[in-house]
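Descriptive analysis of the structure
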Amino acid sequence: MKFKIAIGAFLLYSSIQAQEVTVKVSGGQSGILYESSLGNGDIKFGGGVGVGYTFFLNNHWGINTGVDILYNQNSFKLNEGTMITSNEVDDQMSAFEYRVTPKNYQEKQHFVSFAVPVLLQYRASISKQSQWYAGIGGKVLFSGKQNIKASANELQLSGYYPDADLVVDDLPSHGFGTVSNWQDKTSVNLKTTFLASLETGISFKLKEKMQLYTGVFADYGFSDLVKNTENSNIVPYNPNGIENTQANGVSGNKMIVQKSNYFAAGIQIKLGFSMLAKPKGKAK
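Thresholds applied
- Along every chain, residues carry numbers that run from 1 in the direction the sequence is written.
- Confidence filtering applies because this is a predicted model: local features only for residues at pLDDT of at least 70, side-chain atom pairs given and counted only at 80 or more, and all residues used for totals across whole chains, interfaces and linings.
- Just so you know, side-chain values use all the structure's heavy atoms and leave hydrogens and water out.
- Only DSSP runs of H or I with at least four residues qualify as helices, and only runs of E with at least two residues qualify as strands; both kinds are numbered from the N terminus onward.
- In this setup the radius of gyration rests on C-alpha atoms only. A globule is expected at 2.2 Å times the number of residues raised to 0.38.
- Burial classification: accessible surface area is computed with a 1.4 Å probe over protein chains only, and a residue below 20% of its type maximum counts as buried, one above 50% as exposed, and the rest as partly exposed.
- Contacts are residue-level and defined by heavy atoms, with any inter-residue pair within 4.5 Å sufficient.
- Per-residue and other accessible areas were derived by the Shrake-Rupley procedure at a 1.4 Å probe size, with only the shown protein chains allowed to occlude residues.
- For the charge count, each Lys or Arg is scored as positive and each Asp or Glu as negative, with His and the chain ends excluded.
- Charged side chains are reduced to one point each, which is NZ for Lys, CZ for Arg, CG for Asp and CD for Glu.
- What pLDDT conveys is the predictor's confidence in a given residue, as a value from 0 to 100.
- A pairing counts as a salt bridge when a side-chain nitrogen of Lys or Arg comes within 4 Å of a carboxyl oxygen of Asp or Glu.
- A 3.5 Å cut-off defines polar contacts: any pair of N or O atoms within that distance qualifies, except that in protein one atom must be a possible hydrogen donor and the other a possible acceptor, and neighbouring residues in sequence count only when both atoms are side-chain atoms.
- Strands were regarded as paired on the criterion that DSSP finds at least two bridges between them.
- Whether two aromatic rings pair depends on their centres lying within 6.5 Å, for rings of Phe, Tyr and Trp, where Trp uses its six-membered ring; planes under 30 degrees apart make the pair stacked, over 60 edge-to-face, and the rest tilted.
- Either the NZ atom of lysine or the CZ atom of arginine qualifies as a charge over a ring when it sits within 6 Å of the ring centre and within 35 degrees of the ring normal.

Within the chain, the secondary structure is distributed over 1 helix and 14 strands. On C-alpha atoms alone, the chain measures out to a radius of gyration of 26 Å, which is more than a quarter above the 19 Å that the 2.2 N^0.38 rule sets for 284 residues. By principal-axis analysis of the C-alpha atoms, the chain measures approximately 85 × 45 × 25 Å. Burial analysis of the chain (284 residues in total) assigns 43% to the buried set. The contacts in the chain between residues at least 6 apart in sequence include a share of 77% that link residues at least 24 apart. Of the roughly 14900 Å² of accessible surface on the chain, a fraction of 60% belongs to carbon and sulfur atoms. Taken together, the 26 basic and 22 acidic charged side chains of the chain have centroids lying 27 Å from each other.

Okay, here's the thing in structure tokens:
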């Protein structure tokens, strides 16, 4: 009974408050902020679209939620002279250290993600036709697979056998040798993460119950997007030959990438449609 009364009171309260539906487009830097001791990762231009819903508690404060679809891009380049090693077993069941030394190794990366925000929004009037607004809160980010296009001018693939103190680097049929003008595609699973989110800007009244929002935003992830391990090379060892050397990517190797936090910042434009009458009085 008490639950029904609480729901009824909430619905009654909602009916006399201003509510707003928004559609949004955004653009700016959007991708993974890498921390790496063996290379450099850059966040490229990305963007998104979204729909939102704001429930205003009073003239100044509201709660905003919705769904955003985001496109994210990165590039990554290994430092020249870097050797990536991993522990492997060959086709004779002998353990060895697999060594990959690339020249001009780089990756182009992109992925699509979905974000569900929950922001506390504040607004205050600047003039009769405009308002300043700001929002702070968090988002849950659900990401699809990171798609990777890797390339290198050359891959030197060799094996070091510590028991014999022997380096094998010219046995192509057994996975050791040099691959020139190499490129391949792969994908990496990304994890769900939580973001801290900020936004601010100015809104303009276009007509009754329609607002244009212009502003900036920033999102930062609290945890790594990529699950990586120490023993994952940028290309896997293939005991059957070097002709079809495949890519693993750099983000799965903890020796290369120590941190992989999500980051986005840029501009956004929203069109807001008021659903119900606004509370009496003007925002100050």
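Here the narrative resumes, following the displayed structure.
Low pLDDT marks stretches whose predicted atomic positions should not be read closely. Across the chain, the average pLDDT comes to 90, with 90% of residues at or above 70. Confidence, read as mean pLDDT per element, is least for helix α1 (residues 2-15) in the chain (43) and greatest for strand β4 (residues 61-78) (97). Contacts from residues 1-16, a stretch scored under 50 in pLDDT, to residues over four places away or in other chains number 7 contacts. Of the regions scoring below 50 in pLDDT, residues 277-284 engages in 19 contacts with residues more than four places distant in sequence or in other chains.

Our focus in this paragraph is the pattern of salt bridges. Taken as a whole and judged by the stated rule, the model has 7 salt bridges. A salt bridge links K103 to E154; the nearest nitrogen and oxygen atoms lie 3.5 Å apart. Highlighted residues: K103 in strand β6 (residues 95-103) and E154 in strand β9 (residues 146-161), separated in sequence by 51 residues. The class for E154 is buried, based on a relative accessible area of 17%. Residue K139 pairs with D219 through a salt bridge whose shortest N-O separation is 3.1 Å. Here K139 is found in strand β8 (residues 130-143), whereas its partner D219 is found in strand β13 (residues 210-224), with 80 residues between them in sequence. Accessibility classification places K139 together with D219 in one group, the buried group.

Here we come to the side chain of R123. Following the sequence through the fold, R123 ends up in strand β7 (residues 106-127). Of the side chains bearing the opposite charge, E20 lies closest to the buried R123, which forms no salt bridge; the N-O distance is 6.0 Å. Polar contacts involving the side chain of R123 include one to the main-chain carbonyl oxygen of N59, which spans 2.9 Å. Beyond its immediate stretch of four places on either side in the chain, R123 contacts F56, N58, N59, H60, Q131, W132 and Y133.

Let us look at the pairing of β8. Two strands pair when backbone bridges link them, and β7 and β8 are joined in this way by 14 bridges, in the antiparallel orientation. Following the sheet pairing, V116 is matched in β8 by V140. In textbook terms, the turn of a hairpin is the stretch between consecutive antiparallel strands, and for β7 and β8 this stretch comprises 2 residues. One ladder, built from 12 bridges, connects β8 with strand β12 (residues 193-207); its direction is antiparallel. Each residue of the ladder has a partner; that of A134, found in β12, is T200.

By the element assignment, E243 lies in the loop between β13 and β14 (257-274). For E243 and T178, which are 65 residues apart along the polypeptide, the C-alpha to C-alpha distance reads 9.8 Å.

Counting across every chain of the model gives 12 aromatic pairs. With 5.2 Å between their ring centres and 80° between their planes, Y133 and Y213 make a pair best called edge-to-face. Of this pair, Y133 sits in strand β8 while Y213 sits in strand β13, and the two are 80 residues apart along the sequence. Classification of Y133 as buried rests on a relative accessible area of 1%. The rings of F96, Y98, Y161, F176 and Y237 are connected pair by pair, giving a single aromatic cluster. Looking at R123, its charged tip hangs above the ring of F56, at a distance of 3.7 Å from the centre. In this arrangement the basic side chain of K270 is found over the ring face of Y213, its NZ or CZ atom lying 5.2 Å from the centre.

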